[in-house]
Amino acid sequence: MNAMLFQVYAALFMVAVTIVLFVWLRGSEAAGSARRRLHMMARFGLDPGIATRGGARLAPIMKAAQRRCGNCRFEDRCELWLKGEGEGDNSFCPNARTFQSLTETGARAA
């Protein structure tokens, strides 16, 4: 009976560790995504603060930009481009058009 109880506890412990690692990984990915998105906004001349203080008009736009960045397939390319090591323009960015439009419509703040 003790061996079975040990196995149950070991299995529960492994499940708990798996959940903690998954949550940590997702949080780490989200932080990297947010950092890249805010840096890309700054490269467009946008105040990264509009992501949180943009008001009701910009809230859905910024939420969509956040979602697109979180699902982006070009994270490595983005990292290199933001460091100035990538080639070409930023047309790979799924938010490039959005950020360009915001720049053109005067969403620059401060």
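The following paragraphs examine the structure supplied in this document.

Cut-off values and rules
Residues numbered from 1 in each chain as written. Predicted model: local features only at pLDDT ≥ 70, side-chain atom pairs only at ≥ 80, totals over all residues. Heavy atoms only, no water. Patch = residues over 30% accessible without salt bridge, like charges linked within 9 Å, V, L, I, M, F, W, Y side chains within 5 Å. Areas by Shrake-Rupley, 256 points an atom, 1.4 Å probe, with all protein chains shown as cover. Salt bridge = Lys/Arg side-chain N within 4 Å of Asp/Glu carboxyl O. Helix = DSSP H or I, 4+ residues; strand = E, 2+ residues; numbered from the N terminus. Buried < 20%, exposed > 50% of the residue type's maximum accessible area, 1.4 Å probe, protein only. Phe/Tyr/Trp six-rings, centres within 6.5 Å; stacked < 30°, edge-to-face > 60°. Lys NZ or Arg CZ within 6 Å of the ring centre and 35° of its normal.

**Let's talk about a nonpolar patch on the surface**
Okay, so step 1: On the surface, a cluster of nonpolar side chains totalling about 670 Å² of accessible area is made up of Phe13, Met14, Val17, Leu21, Trp24 and Leu25.
Okay, so step 2: Topologically, Met14 is positioned in helix H1 (residues 2-43).
Okay, so step 3: Classification of Met14 by relative accessible area gives exposed; the value is 55%.

**A few points about the packing of aromatic side chains**
Okay, so step 1: What the rule picks out here adds up to three aromatic pairs.
Okay, so step 2: Taking the centre distance of 6.2 Å and the plane angle of 75° together, the rings of Trp81 and Phe92 count as edge-to-face. Of this pair, Trp81 sits in helix H4 (residues 75-82) while Phe92 sits in the loop between H4 and helix H5 (96-104); the two residues are eleven residues apart in sequence, bridging distant segments of the chain.
Okay, so step 3: Grouping aromatic residues by their ring pairs yields a cluster made of Phe74, Trp81 and Phe92.
Okay, so step 4: Sitting over the face of the ring of Trp81, Arg43 holds its NZ or CZ atom 4.2 Å from the ring centroid.

**As for the environment of Ala31**
Okay, so step 1: Note that Ala31 resides in helix H1.
Okay, so step 2: Counting along the chain gives 39 residues from Ala31 to Gly70, while the straight-line C-alpha distance between them is 9.5 Å.

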